[in-house]
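Read off the chains here:
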Amino acid sequence: MSCTVFEAEARAAFAAAYPEVPHRLRHELRGHPLLTLDALADLAEALPEQSREYNRADLPVGLNGIVPPGNGLGIGETIRRINETGSWAALKNIEQVPVYRELLLALLEELRPAIEARTGAMLRPQGFVFITSPNGVTPYHFDPEHNILLHLAGVKAMTLFPQGNPNYAPDETHEAYHTGGGRELYWRDELDRGGTEWKLRPGEALYVPVMAPHYVRNGPASAISLSITWRSEWSFAEADARAFNAVLRRMGLSPRAPGRWPADNRAKAAGWRMLRRLPGFG
């Protein structure tokens, strides 16, 4: 990319808030030729099947065990006709395609100094694109990455909940996820009182901390968003400590939850990494 997407004010805001404070940023990525509907439909058709997920978008905030129904269409048609297909589509690991990897790394390079000053080396950069029909819902869940969601088309509202708070994501759910389970969270309507709604318009972005529970409601027009994500040794240590706690819980113990940044979770993380190397473990 030849121009700056995050101007100085946005980079300064990010540096001040990262890694634990959600905040809004401005970006200059609107109209990028790789992020039009036609380009994204072509990308979807080029990605391997395991890197694309799509289903009906008229979903409840909490799936609570429900499997989202399919839409009966192909991925390309789903995206090209997103205004009318009533669908939600996610394109995962877009960095598998060289031009999208170049885009992802250029965006992250603008933020690398701020990232590495707080959480060390920027690890495992990944990109995800979300295309949603009018009024679609992305149900309540969490994600393991540091994440900036750059909004490109339409209007959507993400409701974020406090990360690290077991009222919103129980320790047992974290532990199950880090030992191979899903990332969906059980929803109860009373949880909504603790959420903060962030409305996003084209040209706005939202930083989402690691494992911050959230759900998304789309507005009356179809929407496109790009998530640029990365991991840190801190985020991996917290994840591995959660997995180690799952082992302790299976032994009948009630382990203390790992600390959030800048807490040091290396002891439990080391324990999990040693266990994974044992023959037949798991």
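Residues numbered from 1 in each chain as written. Predicted model: local features only at pLDDT ≥ 70, side-chain atom pairs only at ≥ 80, totals over all residues. Heavy atoms only, no water.

Caption draft 1: View of the nonpolar core. Membership of the largest hydrophobic core comes to 40 residues, with the highest contact counts inside it found for Phe-14, Leu-40, Leu-91 and Ile-148. The element best represented in this core is helix α5 (residues 98–119), accounting for eight residues. In this structure Ile-148 touches Phe-14, Leu-25, Leu-111, Ala-205, Leu-206, Tyr-207, Leu-226, Ser-227, Ile-228 and Trp-230, once residues within four positions along its chain are discounted. In this structure, Val-61, Phe-161, Tyr-215 and Trp-234 belong to the second largest nonpolar core, which totals 14 residues. (Core = buried A, V, L, I, M, F, W, Y, C linked by side-chain atoms within 4.5 Å. Buried < 20%, exposed > 50% of the residue type's maximum accessible area, 1.4 Å probe, protein only. Helix = DSSP H or I, 4+ residues; strand = E, 2+ residues; numbered from the N terminus. Contact = heavy atoms within 4.5 Å.)

Caption draft 2: Quick peek at the packing of helix α1 (residues 8–17) against α5. Across the interface, α1 lies against α5 with an axial gap of 9 Å and an inter-helix angle of 15°. Here α5 runs roughly parallel to α1, going by the angle between their axes. For the crossing formed where α1 meets α5, the hand is right-handed. Contacts between α1 and α5 involve Arg-11, Phe-14, Ala-15 and Ala-16 on the former and, on the latter, Glu-110, Leu-111, Ala-114, Ile-115 and Arg-118. Here the contact of α1 with α5 is built from residues that sort into six nonpolar, no polar and three charged. (Axes fitted to C-alpha atoms, helices over the stretch in contact; angles between N-to-C directions. Parallel < 35°, antiparallel > 145°, perpendicular 65-115°, else oblique. Left-handed = near helix turned anticlockwise from the far one by under 90°. Nonpolar A, V, L, I, M, F, W, Y, C, P; charged D, E, K, R; others polar.)

Caption draft 3: View of the sheet that holds strand β7 (residues 156–160). Here four strands make up an open sheet; going across it, the order is β5-β10-β7-β8 and the pairing antiparallel. What marks the edges here is a single partner per strand, and that holds for β5 (137–141) and β8 (196–200). Each strand of the sheet is rotated relative to its neighbour by a mean of 15°, with strand direction disregarded. Summarising the sheet, β5 and strand β10 (residues 214–218) pair through three bridges and their orientation is antiparallel. When the sheet's bridge partners are listed, Thr-138 is paired in β10 with Val-216. (Pairing = 2+ DSSP bridges.)

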